[in-house]
Amino acid sequence: MSVVAHLPHRSLSLTEEEAAQPPSMELTGRRRMSPADRGLSQTLYEEFHQDPRYHEYVLGCLNCGECTTGCPAARFYDFSPREMLQIAATGDATTLWDALQEKIWSCCQCYTCNMRCRFGNDIAGIISVMRELSVRHGLEATRKTLAPFGRSLTLLMTVGTQVSADMIQPDFFRDWGPFATGSDQVWGVSPEVMRKAIPLDVLQTTRSSWEVSVQTSLELFRIYEETGVLDMLRGLDPDLTEMLVDIIEERREEFREAREKYRDELITMKGPVASFEG
Amino acid sequence: MNPVLVVGGGPAGLSAAAELASLGAEALLVEKEGYLGGNPKRWHYSLLAPDLKPAEEVLGDLLGKVEGNPRVEVRLGTSVTAVDPAPPGFRVTLQGGKGPEGREVSAVILATGFDHFDSRRKFEYGYGRYPDVLDFKELEGMIHDDKVLRPSDGKPPKRIAWVLCVGSRDLQVGNPWCCRMGCVVSIKQAVEIRQKHPEMEAFVYYMDIRTYGLWEDLYWKSMQQYGVKFIRGRIGQITLAEGGKRLLATGEDTLLSRPTEVPFDMVVLASGMEPGQGTKRMAELFHLPVGPEGFITPKISDINPVDSGVPGLYLAGAATGPKAIPDSVTEGMGAALRAYQHARR
Ligand code: SF4
Ligand code: SF4
Ligand code: SF4
């Protein structure tokens, strides 16, 4: 066994292979991991730090906690953007691994933390880089965490939105807390006034806002294909991916039929409409 | 020998003028305000950290050497509006009550100091909107007069919070530097209040406590002897609570890693130091280089912080960066000596 394995803060039962893992700046007293997980955690760590966005998003941290002050997730979960920034900056692969299991999914990507940060970090951005990492590698925990969100994901992938204006009501967003949509103190104006600012024709549109044009759906899907999002998702949830492919195939078919039917009008139309056929 | 022009009547300028006089030179002390003593005088600083000596005593000592000194000509309410080189010195135009006046001077010392950060710019703290959110320079005056009362209802506060680094270490307001004084002055204020009013609770919200050097003692004592409480984290917003009667300070306790919301009767903002208006104007007038922060950059700041690089032009005090009074006084002496050497040559 290597000398490293005998250091007092480690479990003495580390295997040869575990002890031989290239050390990052490890924290003491870490728990045991299977060699496979340890290897993967190291890969994830390296990939994360090589992401070109890393150095753009993680600049440094005063640990002031102002990002946490405005974070809706921090109020309800054992989670804080400051902690995420610390995890992003740590040299300990195991800490990153732990966060990738579940914590990263507490964030609702509202970007309030970014607006608060006095150091100019892109905290919400680095959290989404972590999410990409965990999805790309199809982590078991990620699979489990995201399983209940199949419906939201399906809407997002096929329609591009899962929230419509009339859903912005306290009942829909209990996790935002009692004041989020009900208080003048938070917004400076009452929700009634805010709602007046929303154009009438987009209010009460739970249905219509999900009825996007077929071109929009096809364009969205084309983007997911071209940017590799679909492949990423396939690794995580092949069944859902197949379902999405089916839905979009139907739409493509719909589009082909429509094109056939209205061929004459389409020929006179300008622009790249026809190219979303896929 | 023509007099040496000293621009600015705060601690650094007073010290420079007093030192010139003691060397046997003439000093022309120009101050744009109608009084001498600079920011400590303007805001009625109470006790000065770390020795807790009354500001009046410290200033009084300096003022005594300047006011009525036959070698120091004091010009209040006066600014320097133009300058031309007249080797080995300068020809300057002064603008006071009675219109422009040209003067020949043998050297110039810029002691134009700092301005307190305008806390209204941190709109999330509600300074200027909520009467019980104070700037710590205002609390200085209250402590000085022993009238620590809530401006909203005139009642003594039961629980007071200090928010450190307001307008300092903050890229969003464009001030990434440290003010050097906010920590020690806030802790000193908390100690003063706990000494006189042990029934008032004192909480200090901090990111780092920078009571550098021997001032660390005050930090320790504030906990050991005076029970001042320290919470690690910067307050992110202040709102009203309890029907507008109290203030609610929201932030993160970064040691416990939980968001916190605590009601206070009074919140005190430790506003940072920015280059003074006079500093900016003189930097332009004398074509001096300023750093990204807007303070004047000495030629070789590590071995000669009072030398501007222009022969006959010297710098002292917070014109070159946030500075404590003892440091400003020392630089005033150094600049006086250099100006004297130049004028004698
Ligand atoms: S983006 Fe995420 S971490 Fe940032 S404030 Fe919103 S929920 Fe919190
Ligand atoms: S606001 Fe920025 S500097 Fe402050 S704790 Fe959060 S990430 Fe760090
Ligand atoms: S001296 Fe203290 S209060 Fe002032 S900026 Fe530095 S750390 Fe903040």
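Definitions and limits used
- Residues numbered from 1 in each chain as written.
- Chains lettered and ligands numbered in written order.
- Predicted model: local features only at pLDDT ≥ 70, side-chain atom pairs only at ≥ 80, totals over all residues.
- Contact = placed C-beta atoms within 7 Å.
- Helix = DSSP H or I, 4+ residues; strand = E, 2+ residues; numbered from the N terminus.
- Nonpolar A, V, L, I, M, F, W, Y, C, P; charged D, E, K, R; others polar.
- Axes fitted to C-alpha atoms, helices over the stretch in contact; angles between N-to-C directions.
- Left-handed = near helix turned anticlockwise from the far one by under 90°.
- Buried ≥ 20, exposed ≤ 12 C-beta atoms within 10 Å, placed from the backbone.
- Pairing = 2+ DSSP bridges.
- Near = placed C-beta within 6 Å.
- Domains from an automatic or database assignment.

1. Things to note about the interface of chain B and chain A
Across the contact, 16 residues belong to chain B and 18 residues belong to chain A. Secondary structure elements with two or more residues in the side of chain B that touches chain A: strand 15 (237-241) and strand 16 (246-253) of chain B. Sorting elements by how many residues they give to the side of chain B that touches chain A places strand 16 of chain B first, with three residues. For the side of chain B that touches chain A, the class distribution of residues is three nonpolar, nine polar and four charged.

2. Focus: the packing of helix 11 (residues 150-158) of chain A against helix 16 (residues 238-261) of chain A
Residues and elements named next belong to chain A. For the pair helix 11 and helix 16, the least separation of the axes is 11 Å and the interaxial angle reads 35°. Once helix 11 is placed against helix 16, the crossing between them reads as right-handed. Between helix 11 and helix 16, the contacting residues are Gly150, Leu153, Thr154, Met157 and Thr158 on the first element and Leu240, Leu244, Ile247 and Ile248 on the second. The residue makeup of the contact of helix 11 with helix 16, split by class, is six nonpolar, three polar and no charged.

3. Comments concerning the environment of Ala49 of chain B
Residue and element names in this part refer to chain B. Secondary-structure assignment places Ala49 in the loop between strand 3 (47-48) and strand 4 (53-54). Put simply, Ala49 and Ala335 are 286 residues apart on the chain and 24 Å apart in space, counted from C-alpha to C-alpha. When neighbours within four sequence positions are excluded, Ala49 is seen to be in contact with Val184, Val185, Lys188, Trp215 and Leu218.

4. A few points about helix 6 (residues 81-89) of chain A
Think of an α-helix as 3.6 residues a turn; residues three or four steps apart then line up on the same face. Along helix 6 of chain A, seven of the nine residues are buried, which leaves the element largely enclosed by surrounding structure. Along helix 6 of chain A, the residues that are buried comprise Pro81, Arg82, Glu83, Met84, Leu85, Ile87 and Ala88 of chain A. Against helix 4 (66-69), helix 7 (93-101), helix 8 (112-116) and helix 9 (123-136) of chain A together with strand 16 of chain B lie the buried residues of helix 6 of chain A.

5. Some remarks on the sheet that holds strand 1 (residues 4-7) of chain B
Residue and element names in this part refer to chain B. Taken in spatial order, the five strands of this open sheet run 5-2-1-9-20, and their pairing is parallel. Edge strands, defined here as strands with exactly one partner in the open sheet, are strand 5 (72-75) and strand 20 (313-315). With strand direction ignored, the average angle separating the axes of adjacent strands in the sheet is 20°. Relative to strand 5, strand 2 (residues 27-30) is paired through four bridges, and the arrangement is parallel.

6. Section: the site of ligand 3
Not every one of the 14 residues close to ligand 3 is listed here, only the nearest: Cys165, Ser168, Cys178, Gly182 and Cys183 of chain B. Per-class residue counts for the shell around ligand 3 are seven nonpolar, three polar and four charged.

7. Points about the domain arrangement of chain B
Residue and element names in this part refer to chain B. For chain B, the domain assignment lists domain 1 (4-113 + 276-344) and domain 2 (117-271). On a C-alpha basis, the centroid separation for the pair domain 1 and domain 2 is 31 Å. Taken together, the contact pairs twelve residues of domain 1 with 17 residues of domain 2. A class-by-class count of the residues in the side of domain 1 that touches domain 2 yields eight nonpolar, two polar and two charged.

8. Quick look at the sheet that holds strand 7 (residues 89-96) of chain B
All names here are of chain B. Read across the open sheet, the three strands follow the order 6-7-8; overall the sheet is antiparallel. With one partner strand each, in any of the chains shown, strand 6 (79-86) and strand 8 (99-105) form the two edges of the open sheet. Taken pair by pair, the neighbouring strands of this sheet meet at an average axis angle of 20°, ignoring direction. In terms of strand pairing, strand 7 meets strand 8 through seven bridges, oriented antiparallel. Each residue of the ladder has a partner; that of Thr93, found in strand 8, is Gly102.

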